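This is what each chain is made of:
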Amino acid sequence: MATRTKMLLSLAICVVLALVHLPITTAGGGEGAAPFNYKKALHSSLLYFEAQRSGRLPHNQRVKWRGHSGLADGLQQGVDLVGGYYDAGDNVKFGLLMAFTVTMLSWSAMEFADDITATGEWRHVLEAIKWGTDYFIKAHTEPYVLWAEVGDGDTDHYCWQRPEDMTTSRQAYKVDRDNPGSDLVGETAAALAAASMVFRRSNPHYAQVLLHHAEQLFEFGDKYRGKYDSSIGEAYSYYASVSGYGDEMLWAALWLHRATGKASYLDYAVDMADEFGGTSWAITEFSWDVKYAGLQILATKVLLEGKHPEHKATLEKYKAKAEHYLCACLNKNGDAGNVNRTAGGMLFVRQWNNMQYVTNAAFLLTVYSRYLTSAGQEPPVLQCPDGPAHADELRSLARAQTDYVLGANPAGVSYLVGYGPRFPRRMHHRGASTVSHRGDGRFIGCMQGYDNWFLRRGANPNVVVGAIVGGPDHLDRFRDRRDNYMQTEACTYNTAPMVDIFAHLHGEMAITKKS
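By the naming in an unreviewed UniProt entry, the protein goes by Endoglucanase and is assigned to Triticum aestivum. In the Catalytic activity (unreviewed entry) part of its UniProt record, the protein is described as follows: "Endohydrolysis of (1->4)-beta-D-glucosidic linkages in cellulose, lichenin and cereal beta-D-glucans." A UniProt comment under Sequence similarities (unreviewed entry) is attached to the protein, and it reads "Belongs to the glycosyl hydrolase 9 (cellulase E) family."

Structure, rendered in structure tokens:
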């Protein structure tokens, strides 16, 4: 669990840690090497979401070492909160992280539906999205009530148990009129709005249900404003909303405009652009907390389509901030600030779970290059302080970051677990590090898990295929140890942005082979 408290402590002591260097090998994807199997990477990434499922597992569950879990979630509060996802290597269900994961999965499905379909994985993408949206429908029990979290990090971290055995608190926490959480509510509205577009053709009734909840949640978030971590103290130490709720509300408005076509949502994004930071914040990261670069790119798409000239002035401001982020990734921002890179070429934002910034950057670079090309702009370029950048340059950087994840890095390690000959074997993950529930149904107690499994030096007995771990440090060094949670813990929001990248790159390779 990527807690803020642990991050501050780890940043203070990281300089004295002796990291184990992994030998350099060629994993493919580099110059003169065989290309990566992006189709296999996509297949693996979708298995990961099955490994993270909470609730009663379906008959077609492919990850067989998992079992049913959290079947009494919400029971104490008289509400059905069974289902959803565990976000990382623990057993808490955090709504904000889950919602961002579903938003990114849905965005991927919209932009690259043809590429995903060509790989034969479309059904599994829909299943991954629906596992989250079904839960959000349950959690939104009243127009102005959204259940935000099940379990709490303090008691969860005290024990090391498989989710099938957990004896820790399953207290559920909600936001409502008196205890608002516009960031959480806005992100959930964005997830449901985005998902409604994915299901519109195959399941129109379900799509309409999702959209109904999204619009209600947007009204809730705007009418009763506040940060969710101010209302739920248990969330503050683990996933504090540092950016506040302005970015999520703009993000939700733009997704709802895209899903409904209603002018009122775009008007909101324009009217609140300055107050909520959409046209004033120039950011060089995109994450579950800081949504500015993503929403600025969504607003730029509206501008490039040329459909709302009455808002052109404000949309141009959004575009300038979107391109600030992209130029920073490309190292073309001059004195305005760039994203740091390691010697091995990885974008580096911060030490804790840096891979989330890498995968999100790869996604936004790819999507924006597509928007530029689709707009018919000749040539399709963005203007950076250090010179123009062609759409191909954005795609090239996205592929370089993807290949780094898959093994084209100084350590020769694939940070996508289960992919390639060398990948992390000691993930910080309760279910993976403990004997399979299917293989050994005997109960594992709270401290027994630490004594018998966490402290073992050997590889985890279960492989969480498709998980993308936190990744190496600023010197491309990676230490594969279970207690090194900064580097070996994986999160759903690390993998979600890569669904479209893997599908897109597989499609590009198929086109290249044909030509």
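Asker: Is there a simple way to think about the state of the cysteines in this case?
Answerer: On inspection of all chains with the given rule, the structure shows two disulfides. Here Cys159 engages in a disulfide with Cys446; their sulfurs sit 1.9 Å apart. Judged by the torsion about the S-S bond (-90°), the Cys159/Cys446 disulfide is left-handed. In this pair, Cys159 sits in the loop between helix H6 (153–158) and strand E3 (172–175) while Cys446 sits in helix H18 (residues 446–454), placing the two residues 287 residues apart along the sequence. With a relative accessible area of 17%, Cys446 lands in the buried category.

Asker: For this particular structure, what's the right way to read the nonpolar core?
Answerer: In terms of nonpolar packing, the biggest core is built from 158 residues, with Trp107, Ile129, Trp255 and Leu382 touching the most fellow members. When residues no more than four places from it in sequence are discounted, the contact partners of Trp107 are Trp251, Trp255, Arg258, Gly294, Leu298, Phe363, Leu364, Val367 and Tyr371.

Asker: Before we go on, may I ask you to explain the packing of helix H3 (residues 95–111) against helix H15 (residues 355–374) in this structure?
Answerer: If you want to describe how two helices pack, look at the angle between their axes and the distance between the axes. Running from amino to carboxyl end, H3 crosses H15 at an angle of 35°, the nearest separation of the two axes being 12 Å. Our pair here, H3 against H15, has a crossing hand that is left-handed. Between H3, through Phe100, Met104, Trp107, Ser108 and Glu111, and H15, the contact on the second element is made entirely by Asn360, Phe363, Leu364, Val367, Arg370 and Tyr371. Of the residues in the contact of H3 with H15, the class split is seven nonpolar, two polar and two charged.

Asker: Would you mind going over the side chain of Gln161 with me for this structure?
Answerer: Residue placement: Gln161 occurs in the loop between H6 and E3. Classification of Gln161 as buried rests on a relative accessible area of 1%. Within the local environment of Gln161, its side chain forms a polar contact with the backbone oxygen of Asp165, the two atoms lying 3.3 Å apart. Dropping the residues within four chain positions of it, Gln161 is found in contact with Asn91, Met166, Thr167, Thr168, Arg430, Phe443, Ile444, Gly445 and Cys446.

Asker: Explain H18 here, please?
Answerer: Residues of H18 that are buried: Cys446, Gly449, Tyr450, Trp453 and Phe454. Taken end-on, H18 shows its buried residues confined to a sector of 115°, consistent with a single buried face. Buried-residue contacts for H18 involve H6 and helix H17 (430–433).

Asker: Please explain the UniProt feature "active site" (unreviewed entry) in the protein as it appears in this structure.
Answerer: As annotated by UniProt and renumbered to match this structure, "active site" (unreviewed entry) occupies His428. On the secondary structure map, His428 appears in the loop between helix H16 (391–406) and H17. Residue His428 is classed as buried on the basis of its relative accessible area, which comes to 7%. Not counting the four nearest positions on each side in its chain, His428 is found in contact with Gly89, Trp160, Phe454, Arg482, Tyr485, Thr488 and Glu489.

Calculation criteria
Residues numbered from 1 in each chain as written. Predicted model: local features only at pLDDT ≥ 70, side-chain atom pairs only at ≥ 80, totals over all residues. Heavy atoms only, no water. UniProt positions renumbered as here; feature names shortened; annotations may be inferred. Disulfide = S-S within 2.5 Å. Helix = DSSP H or I, 4+ residues; strand = E, 2+ residues; numbered from the N terminus. Buried < 20%, exposed > 50% of the residue type's maximum accessible area, 1.4 Å probe, protein only. Core = buried A, V, L, I, M, F, W, Y, C linked by side-chain atoms within 4.5 Å. Contact = heavy atoms within 4.5 Å. Axes fitted to C-alpha atoms, helices over the stretch in contact; angles between N-to-C directions. Left-handed = near helix turned anticlockwise from the far one by under 90°. Nonpolar A, V, L, I, M, F, W, Y, C, P; charged D, E, K, R; others polar. Polar contact = N/O pair within 3.5 Å; in protein donor to acceptor, adjacent residues only side chain to side chain. Arc of directions from axis to C-beta.

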